[in-house]
Amino acid sequence: MKVNIKTQAEGKKETKVVDTWNRWVFDIFGEIDFDKNQNRDEFEMESGLEVVRVTENWRFVNNFRIDLRELTIQSDDGPIINNRHRNWFSTKLVKSLGSHWSVGGFGRFESSTFNNISSQIWVAPALEYSFFDYKEVLKREITIAYRVGYINQHYYETSIFDRDSDTYGNQAISLNIRYRQPWGRIFTSLQASHILGDFAQNRIELDNYITIRIFKGLSVRLSSEFEIIRDQLNLPAGDTTLENLLLQQTQIATDYDLSFGLGINYTFGSIYNNVINTRL
């Protein structure tokens, strides 16, 4: 005679968790500012959407953003009206090649009145090496990446080089450092780039941010950016008027740019959004 005894653990049925979002994560942000007095009316809007799907071997990231600014200043000669916009979409797809290497592809479309760009298309493949095993990404990460790309851009106004459009290649190398803790994240990125065939047309960028977790899904972000700029092919020809300078209607020549920011983010979507894959 055989006696089968079913334990309490064996008697329980395994509960299968269903991810209704199928690993897709969405991040929406927006900000609206109003400023009005007797002589000045200003409206600014910044909005965007990030759509991400991440697995251990793949990373697919898409960003959409719309920035608008409408400014009206009353003067003795009548109202001065300034409208400015920047719209862009970027995408990247990255594939892991083991515990230290990754390969990916990038793409972007942009339109910006401030940058004198009616349309810009940029595509680039890239290769990345991680000094630590990617399995350590939950705590620390140091990577170096190389990218070579193609850019085609058209201008609202003829550029300082007497061109209505430009097509050229560029290459960049970047160093990224990330550290993560339960309270938030710290990130630093240093990138150097130049136009192929012309080292004088170059740029160096230093980006930093710190994210502080408030509660699940909600965080506060402090950021800073510094750039050394020597590749402004898009600048419009002719002298900048005082009106355009004061209203920041168009970009002007500069050797550097420095900015600081404070923002808030809320993330929702797939229950597997704790899968971390930061490759490229």
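Residues numbered from 1 in each chain as written. Predicted model: local features only at pLDDT ≥ 70, side-chain atom pairs only at ≥ 80, totals over all residues. Heavy atoms only, no water.

Caption draft 1: How the structure looks around the pairing of strand β11 (residues 218–230). Across 13 bridges, the pairing between strand β10 (residues 198–215) and β11 is antiparallel. Following the sheet pairing, Phe 215 is matched in β11 by Leu 218. The antiparallel hairpin formed by β10 and β11 contains two residues in its connecting segment, where Gly 217 sits at a positive phi of about 90 degrees. (Pairing = 2+ DSSP bridges. Helix = DSSP H or I, 4+ residues; strand = E, 2+ residues; numbered from the N terminus.)

Caption draft 2: Representation of the nonpolar core in the model. Membership of the largest hydrophobic core is limited to 12 residues, which are Val 94, Phe 106, Trp 122, Ala 124, Ala 126, Ala 145, Ile 151, Tyr 155, Tyr 168, Ile 195, Leu 233 and Leu 280. Breaking this core down by element, the ones donating at least two residues are β6 (117–130) and β7 (140–155). Leave out the neighbours within four places in its chain, and Tyr 155 touches Asn 116, Ser 118, Arg 163, Asp 164, Ser 165, Asp 166, Leu 233 and Asn 234. (Core = buried A, V, L, I, M, F, W, Y, C linked by side-chain atoms within 4.5 Å. Buried < 20%, exposed > 50% of the residue type's maximum accessible area, 1.4 Å probe, protein only. Contact = heavy atoms within 4.5 Å.)

Caption draft 3: Summary view of unusual backbone geometry. Despite not being glycine, Asn 116 shows a phi value in the positive range, around 60 degrees. Checked against the element boundaries, Asn 116 lands in the loop between β5 (101–112) and β6. Residue Asp 162 is not a glycine yet carries a positive backbone phi of 60 degrees. Considering the arrangement of structural elements, one finds Asp 162 in the loop between β7 and β8 (165–181).

Caption draft 4: Quick look at the side chain of Ser 90. Counting through the fold element by element, Ser 90 comes out in strand β4 (residues 78–96). When residues no more than four places from it in sequence are discounted, the contact partners of Ser 90 are Val 61, Asn 62, Asn 63, Gly 107 and Arg 108.

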